[in-house]
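Architecture and fold: a report
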Amino acid sequence: MAQRSNHTTTAANIPGAVMNAVLLPGKLNIVHGNTQSLCARKFGKLDELKLTLQNPKISIACFTESWLTENIRDNCISIPGYSMLRNDRGYSRGGGIIVYFRTNLRCTKLFCTELTSNAQDKTECLALDINVNNEKVLLLVIYNPPDNDCSRFLADRMCELSDSYENIVVIGDLNTDLLQPSRKRNNLTSVFESFSLTCLGDEPTYFHNTGCSQLDLFVTNIRSKVRRFDQVSFSGLSQHDLIFATLEFEVTRSQPNQTFRDYVNFNAQAVAQAVLSVPWNEFYGLSDIDELTNFFNFHIKRIHDLHIPLRVVHANRRINPWFNVVVRRAIVERELAYREWLRSPSHLKELKRQHYKTLRNRANLVICRAKRAYFERYFDDHVDTKNLWSRVRSLGVTGKVSAQDCNFDPDEVNDVFLSNCTTVQPPYRHTDNAGAYSDSFGFSTIAPWQVTNAAWESKSNAVGSDGIPIKFLKILLPLIVEHITFLFNKIITTATFPDTWKQIIVLPIKKKTHLNTLTSLRPISILCALSKIFEKLIEQQISAFLREYNLLSEHQAGFQKGQSVKSAVLKVADDIGRSLDKNGIGVLLLLDFSKAFDTGSHHTLCRKLRTQFSFSTEAVRLVESYLSKRMQAVLCGQRLSRSAEVCSGIPQ
């Protein structure tokens, strides 16, 4: 499977095929190219680059003249399987360096130049420390603007770092032609000689209308450890050749394999037999809610782990799903025409160049059409809102919504979340005083068909602290719906919410991607699957009661079916317009209650449910049992905080 994928990748473009043939597997393979704007042609260059970097042999890919700005997010230019470091030119357009390195490599940024328009030396540099099997390699990625002499900068950096590193590699576009005599060339070669640096290759790397130059250099002090070196043209990127080398350092190959539970290919008969063999008579003999819940969770989790196979697959996601045979043919024809132009005699040079430009423009047009057709299908009218935003996020045009972004200590994050809670208040004292309405509200028992509908309405696949995925419950639903119904009705009749379902895992999500403070995090609670189904059923009963007696304001737009922010905005705009039409003055007062969901008092909520909304004593007891003694732990990446009690608010 992996070999098939590799063949497809290298066949997609000539540069990928050449590098796949030259580079050695299991070694440190470094590539450099000049992109002349990484995001040009509506990210067309980046798309072709992704295809090339799918080659598993490439360890580090360095690119100069990225032309990136702070407005371009990292996730817009990320490549699967790689981490990245970038150094954008901040003072003007152009320049910039970006380095992609395999996620299994230990690569650390030492420094990067932060230039201003007043700087005399305009050399741009990104210095990396690479640890390969306990051997350190210094990698200096340099972009030197055309009118700048980088020899002094390079000499200073080598004086600072050469004593700390035995293995040094300098790579980049130094804009100093080693094929033509000049003062810049003499200065640069003098620095190379002073620090025993050897430049690999002596062929031109940049081709233009009137000739060629050797501007892109791969320089190192460990020539004896260089196993392979070569270059290849990549007209889809720029008129600079890619230069690449294999260094004699053993690199542990990354493990692209992924594990997942296969909910499609499993032994359904064995699962059904396992469910039927559970001693359900013992389940119905239990009276304590927590014992019932623990019994159910234990047996369902055991069946899940035993009968749903854990499979391992090779990560083989298509980088550019719009890439088809027509696009591949157009790219190959363009690359062949480019090589034909470079090798043609002088009297045919201009004719071959025009032919190449025609095929280049045709390839760009074919790529644009293929991408447009794919995205028109990808975002068709039949995609629901949730899947639509999921697909938008998959393109990298929005910020990542992931707890992996949180690099804080999980205990510190949990403390901040809990600091928003109000002080602990005494339990609500239940009374029999009648509320404002003659018919008090009480929770009704639930029928199996209601459980089934609520389960299928639950779309989130997040797994709570019980470890039971809701997709597995849906598979077992015909066999266990009666048992779930019994458990739910027991909770309602005893007005007791299970303590197991009160154990919440909280994911801290950034409110705004550019903020990196503890106070800018939003807590997202991951609840148990059965808890979410039960809450949906309870919410339906409460909502029906509120609608029947019109207990909510007709002007409340939030948390009401058929209402939204648009409803509120239209109402406000209409009221202001009416006031102005009557020659009046419109005054708008906006209030923002900070941490409203976190600071809500459980005692006050229960009291209002009883006195203002006419909830029965048993109904209030169940709500109070649901809210009280909830425990939460924060998950940051793979780190889980200690559990702590939540004294106020409701799960978000």
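Residues numbered from 1 in each chain as written. Predicted model: local features only at pLDDT ≥ 70, side-chain atom pairs only at ≥ 80, totals over all residues. Heavy atoms only, no water.

Our focus in this paragraph is the overall build of the protein. Looking only at helices and strands, one finds 19 helices and 21 strands in the protein. Buried positions account for 45% of the 652 residues belonging to the protein. Taking the intrachain contacts of the protein between residues at least 6 apart in sequence as the baseline, contacts between residues at least 24 apart amount to 72%. Accessible surface, the protein: about 33800 Å² in total, of which carbon and sulfur atoms supply 52%. (Helix = DSSP H or I, 4+ residues; strand = E, 2+ residues; numbered from the N terminus. Buried < 20%, exposed > 50% of the residue type's maximum accessible area, 1.4 Å probe, protein only. Contact = heavy atoms within 4.5 Å. Areas by Shrake-Rupley, 256 points an atom, 1.4 Å probe, with all protein chains shown as cover.)

Time to look at the sheet that holds strand β9 (residues 198–200). Read from one edge to the other, the open sheet built from 6 strands follows the order β5-β6-β7-β8-β12-β9, with strand pairing classed as mixed. This sheet does not close on itself; its edge strands, each paired only once, are β5 (106–112) and β9. This sheet shows a mean twist of 25 degrees between the axes of neighbouring strands, independent of strand direction. (Pairing = 2+ DSSP bridges. Axes fitted to C-alpha atoms, helices over the stretch in contact; angles between N-to-C directions.)

This part is about the packing of aromatic side chains. Taken as a whole and judged by the stated rule, the model has 25 aromatic pairs. Considering the side-chain rings of F441 and F443, the 5.0 Å spacing of their centres and the 80 degrees angle between planes classify their relative orientation as edge-to-face. F441 gets classed as buried once you look at its relative accessible area, which sits at 6%. For F443, a relative accessible area of 14% corresponds to the buried category. The ring of Y165 carries K136 above its face, with NZ or CZ at 4.8 Å from the centroid. (Phe/Tyr/Trp six-rings, centres within 6.5 Å; stacked < 30°, edge-to-face > 60°. Lys NZ or Arg CZ within 6 Å of the ring centre and 35° of its normal.)

Attention now goes to the sheet that holds strand β3 (residues 82–87). Reading across the sheet, the 6 strands line up as β3-β4-β2-β1-β14-β13 and stay open at both edges, with mixed pairing between neighbours. Looking at which strands have only one partner, the edges of the open sheet turn out to be β3 and β13 (226–232). Shown here is a sheet whose adjacent strand axes are inclined to one another by a mean of 15 degrees, direction ignored. As defined by bridge partners, β3 adjoins strand β4 (residues 97–102) across 6 bridges and the pair is classed as antiparallel.

Within β4, 6 of the 6 residues are buried, which leaves the element mostly enclosed by the surrounding structure. Neither face of β4 is exposed, since I97, V99 and F101 on one face and I98, Y100 and R102 on the opposite face are all buried. As paired strands, strand β2 (residues 60–64) and β4 are joined by 5 bridges and run antiparallel to one another. Directly across from A61, in β4, lies its bridge partner Y100.

What follows concerns the confidence of the model for the protein. Reading fine detail from the predicted coordinates is not recommended where pLDDT is low. Scored by pLDDT, the protein comes out at a mean of 85, with 89% of its residues at no less than 70. Within the model, the stretch residues 1–12 combines pLDDT values under 50 with 19 contacts to residues more than four positions away or in other chains. (pLDDT = per-residue confidence, 0-100.)

All right, on to the pattern of salt bridges then. Going through the model one piece at a time under the given rule, you end up with 27 salt bridges. We note a salt bridge from R261 to D305, for which the minimum N-O separation is 3.8 Å. Of this pair, R261 sits in strand β15 (residues 257–261) while D305 sits in helix α8 (residues 289–307), and the two are 44 residues apart along the sequence. For R261, a relative accessible area of 27% corresponds to the partly exposed category. The partner of E340 in a salt bridge is K352, with the nearest N and O atoms 2.6 Å apart. (Salt bridge = Lys/Arg side-chain N within 4 Å of Asp/Glu carboxyl O.)

As enumerated under the stated definition, the model contains 2 cavities of 30 Å³ or more in all. Considering only enclosed or pocket space, the largest cavity measures out at about 200 Å³ in volume. Surrounding the largest cavity, 16 residues form its lining, D598, Q632, V646, I650 and P651 being those nearest its centre. Contributing elements (two or more residues each) for the lining of the largest cavity: α12 (410–419), β17 (503–510), β18 (521–526) and β19 (630–636). Broken down by class, the residue content of the lining of the largest cavity amounts to 9 nonpolar, 5 polar and 2 charged. What the second largest cavity holds in volume is close to 30 Å³. Classifying every residue of the lining of the second largest cavity by side-chain character gives 3 nonpolar, 4 polar and 2 charged. (1 Å grid on protein atoms, 1.4 Å probe; cavity = no way out; pocket = protein on both sides within 12 Å on 5 of 7 lines; lining within 4 Å. Points joined across faces, edges and corners; volume = space filled by probe spheres on them. Nonpolar A, V, L, I, M, F, W, Y, C, P; charged D, E, K, R; others polar.)

What follows deals with a nonpolar patch on the surface. The grouping of V572, I576, L580, L588 and L590 at the surface amounts to a nonpolar patch, some 450 Å² of accessible area in total. In this structure, V572 sits in helix α16 (residues 565–581). (Patch = residues over 30% accessible without salt bridge, like charges linked within 9 Å, V, L, I, M, F, W, Y side chains within 5 Å.)

This part takes up the side chain of T113. Take T113: it is sitting in the loop between β5 and β6 (124–132). Of the residues examined, T113 reaches a relative accessible area of 13% and is grouped as buried. Reaching out from T113, the side chain makes a polar contact with the backbone nitrogen of C125 at a distance of 3.0 Å. Excluding residues within four positions of it along the chain, T113 makes contact with N87, T123, E124, C125 and F153. (Polar contact = N/O pair within 3.5 Å; in protein donor to acceptor, adjacent residues only side chain to side chain.)

Next up on the list: the state of the cysteines. Evaluated as defined, the whole model comprises 0 disulfides. With no disulfide of its own, C39 has C76 as its nearest cysteine by sulfur position, at a separation of 7.8 Å. C107 provides the cysteine sulfur closest to C62, a residue in no disulfide bond, and the two sulfurs are 8.5 Å apart. (Disulfide = S-S within 2.5 Å.)

Moving on, we come to the environment of P321. Within the secondary structure, P321 sits in the loop between β16 (310–314) and α9 (325–343). P321 sits in the partly exposed class, given a relative accessible area of 31%. In sequence terms P321 and F375 are 54 residues apart; their C-alpha atoms lie 9.8 Å from each other.

Structurally, N297 is set in helix α8. Apart from residues no more than four positions distant in its own chain, N297 is found in contact with D466, I468, T500, W501 and L530.

The first and last C-alpha atoms of helix α14 (residues 470–494) sit only 25 Å apart over 25 residues, clearly below the 36 Å expected at 1.5 Å per residue. The axis of α14 is deflected most strongly, by about 90 degrees, at L477, and proline P478 appears within four residues downstream. One or two residues past the end of α14 sits A495, with phi positive at roughly 55 degrees. (Expected span 1.5 Å × (residues − 1). Bend = angle between axes of the 7 residues up to and from the residue.)

F296, F488, W501, L530 and F534 are the most contacted members of the largest nonpolar core, which has 56 residues in total. Those elements giving two or more residues to this core turn out to be α6 (268–276), α7 (280–285), α8, α13 (448–457), α14, α15 (529–548), α18 (602–611) and α19 (617–627). Broken down by element, this core gets its largest block of residues, 12 residues, from α14. Among the nonpolar cores identified, the runner-up in size contains 29 residues, and I30, L139, I222 and V251 belong to it. (Core = buried A, V, L, I, M, F, W, Y, C linked by side-chain atoms within 4.5 Å.)

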